[in-house]
Amino acid sequence: MSSRLYFRAVVAAGVSLLSASASAQEDAAKTCGQAYEGAQEARKQAQLMTARDRLLVCSQDQCPKFIRKDCSGWLEEVRRSIPSFVIVAKDADGKDVMDFQAKLDGEPLEGSLSLAVEVDPGTHQLELTRAGSDPVHEELVLREGEHRRMVEVVFRAAEAAPAPRVATTEEPDGATGHASVVPYVLGGVGVLGLAGFAYFGLSGKGQRSDLESSCKPNCTQDQIDEVDQKFLFADVSLGIGVISLGVAAYLFLSDSSGSPRRGDSAARRSPVSLVATPGGAFAGYRGHF
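Residues numbered from 1 in each chain as written. Predicted model: local features only at pLDDT ≥ 70, side-chain atom pairs only at ≥ 80, totals over all residues. Heavy atoms only, no water.

Engineer: Even after reading the chapter, I still don't get the sheet that holds strand 6 (residues 136-142), so can you show me in this structure?
Structural biologist: Backbone hydrogen bonds hold the strands of a sheet together, and the pairing may be parallel or antiparallel. Strands sit in the order 3-2-5-6 across an open sheet of four strands; the sheet is antiparallel. Unpaired on one side and paired on the other, strand 3 (107-108) and strand 6 mark the two borders of the sheet. (Pairing = 2+ DSSP bridges. Helix = DSSP H or I, 4+ residues; strand = E, 2+ residues; numbered from the N terminus.)

Spelled out as structure tokens, the structure:
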């Protein structure tokens, strides 16, 4: 190769290197300028973590001197302003534990949970989970410049799930309570029936004695019918009283012995019936013996 050709090749290579270097410097300057402006904007919005990352870019040696100088100074200020916290977890017995997972604002925390966690200032939601324990939720409000704040949490044993309810065919307490009142009601009816028997019997007897001493044998038919009606009421009252007391005693003894009295609606109706007849009334009992 002649000296002339060699000189041309060297010049061409030099030009290429200069062009590549100029292009790289231009790209670096552009990157530094974007990081410089982005860091200032992030600081204004309290996004200190983002501001720190951009300041690391614009403080490098390839950046223009004035940019590098500003970014280096701001970087130290931002680092001192970024808050951080440390998780101190214990179990129900007060022992330190590390076998847990943590999420901050819904994102898993990476790295060792025994180290301080750096975050932007403001409100954050911390969620901690551990096998066999109830999850722990904490709301943190961290301020600028607050370093290594201790966040103490206690894991409580998870509560056992309630046992499923077993279906039962037993009637509500109200139905049983309603049935147990029937003997007392019938007992009351029986007592009233006996009282009515005594009242109408004595009243009729007294009225008949008055008629025998005053008008017999010339008493009117209306006077005689009035006396007969009272004796009829006495007989009906006696029948109702005796039957009601008998049924009440049976039901009371059956209930005390534990005999089942559950069934359909017909079985829960009153077992005593009273039917009027032309000559008076008829009392009956419906049941199973």
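Engineer: It is not clear to me how the packing of aromatic side chains should be interpreted in this structure. Could you clarify?
Structural biologist: The relative placement of two aromatic rings is captured by the distance of their centres and the angle of their planes. For the structure shown, the criterion picks out five aromatic pairs. Residues Y36 and F66 carry aromatic rings whose centres are separated by 6.5 Å and whose planes lie at 70 degrees to one another, so their mutual orientation is edge-to-face. Taken together, the positions of Y36 in helix 1 (residues 3-44) and F66 in helix 3 (residues 65-81) put the pair 30 residues apart, joining distant regions of the chain. Residue Y36 is classed as buried on the basis of its relative accessible area, which comes to 16%. F66 sits in the exposed class, given a relative accessible area of 55%. With a centroid separation of 5.1 Å and 70 degrees between ring planes, the pair formed by Y199 and F200 is classed as edge-to-face. For Y199, a relative accessible area of 55% gives the class exposed. Ring-pair connections join several aromatic residues into one group, and the members of that group are Y36, F66 and W74. (Phe/Tyr/Trp six-rings, centres within 6.5 Å; stacked < 30°, edge-to-face > 60°. Buried < 20%, exposed > 50% of the residue type's maximum accessible area, 1.4 Å probe, protein only.)

Engineer: Got a minute to help me understand the confidence of the model for the chain in this structure?
Structural biologist: Low-pLDDT portions of the prediction should not be read for the details of their coordinates. In this model, the chain carries a mean pLDDT of 80, and residues with pLDDT of at least 70 account for 73%. Low pLDDT, under 50, characterises residues 174-178; the predicted model gives this stretch one contact beyond four residues in sequence or across chains. Low pLDDT (under 50) marks residues 259-268, which in the prediction has nine contacts with non-local residues, meaning those over four places away or in another chain. (pLDDT = per-residue confidence, 0-100. Contact = heavy atoms within 4.5 Å.)

Engineer: I would appreciate a short explanation of the packing of helix 2 (residues 48-58) against helix 3 in the present structure.
Structural biologist: The description of two helices packed together rests on the angle between their axes and the distance between the axes. At their nearest, the axes of helix 2 and helix 3 sit 8 Å apart, and the two run at 150 degrees to each other. It follows that helix 2 is roughly antiparallel to helix 3 by the angle criterion. As for how helix 2 packs across helix 3, the hand of that crossing is left-handed. From helix 2, L48, R52, L55, L56 and C58 reach across to helix 3, where they touch I67, R68, C71, W74, L75, V78, R79 and S81. Split into classes, the residues belonging to the contact of helix 2 with helix 3 amount to nine nonpolar, one polar and three charged. (Axes fitted to C-alpha atoms, helices over the stretch in contact; angles between N-to-C directions. Parallel < 35°, antiparallel > 145°, perpendicular 65-115°, else oblique. Left-handed = near helix turned anticlockwise from the far one by under 90°. Nonpolar A, V, L, I, M, F, W, Y, C, P; charged D, E, K, R; others polar.)

Engineer: Any chance you could explain unusual backbone geometry here in plain terms?
Structural biologist: In most cases, non-glycine residues show a negative phi, while peptide bonds are predominantly trans. Even without a glycine there, the phi angle at D105 is positive, about 55 degrees. Looking at where D105 falls in the secondary structure, it is placed in the loop between strand 2 (101-104) and strand 3. Positive phi, close to 50 degrees, is recorded for R148, a residue that is not glycine. Among the secondary structure elements, R148 is positioned in the loop between strand 6 and strand 7 (149-154). Accessibility expressed as a relative area gives 58% for R148, which makes it exposed.

Engineer: I keep staring at the sheet that holds strand 7 and nothing clicks. Help me out?
Structural biologist: Across the sheet, three strands lie side by side as 4-1-7; this open sheet has mixed pairing. Each edge of the open sheet carries a strand with a single partner, namely strand 4 (117-118) and strand 7. The sheet contact formed by strand 1 (residues 84-90) and strand 7 spans six bridges and is parallel. Across the sheet, A89 pairs through a bridge with V153, a residue of strand 7.

Engineer: Just checking my understanding: could you explain the state of the cysteines for this structure?
Structural biologist: When the sulfur atoms of two cysteines share a covalent bond, that bond is a disulfide. Tallied over the full model, the rule gives two disulfides. Each sulfur in the disulfide pair C32 and C63 lies 1.8 Å from the other. Around the S-S axis, the bridge from C32 to C63 shows a dihedral of about -75 degrees and counts as left-handed. With C32 in helix 1 and C63 in the loop between helix 2 and helix 3, this residue pair connects regions lying 31 residues apart in the sequence. The exposure class of C63 is buried, given its relative accessible area of 4%. Shown here is the disulfide that connects C58 with C71, its sulfur atoms set 1.9 Å apart. Measuring the twist about the S-S bond at about -110 degrees, one finds the C58-C71 disulfide to be left-handed. Of this pair, C58 sits in helix 2 while C71 sits in helix 3; the two residues are 13 residues apart in sequence, bridging distant segments of the chain. (Disulfide = S-S within 2.5 Å.)

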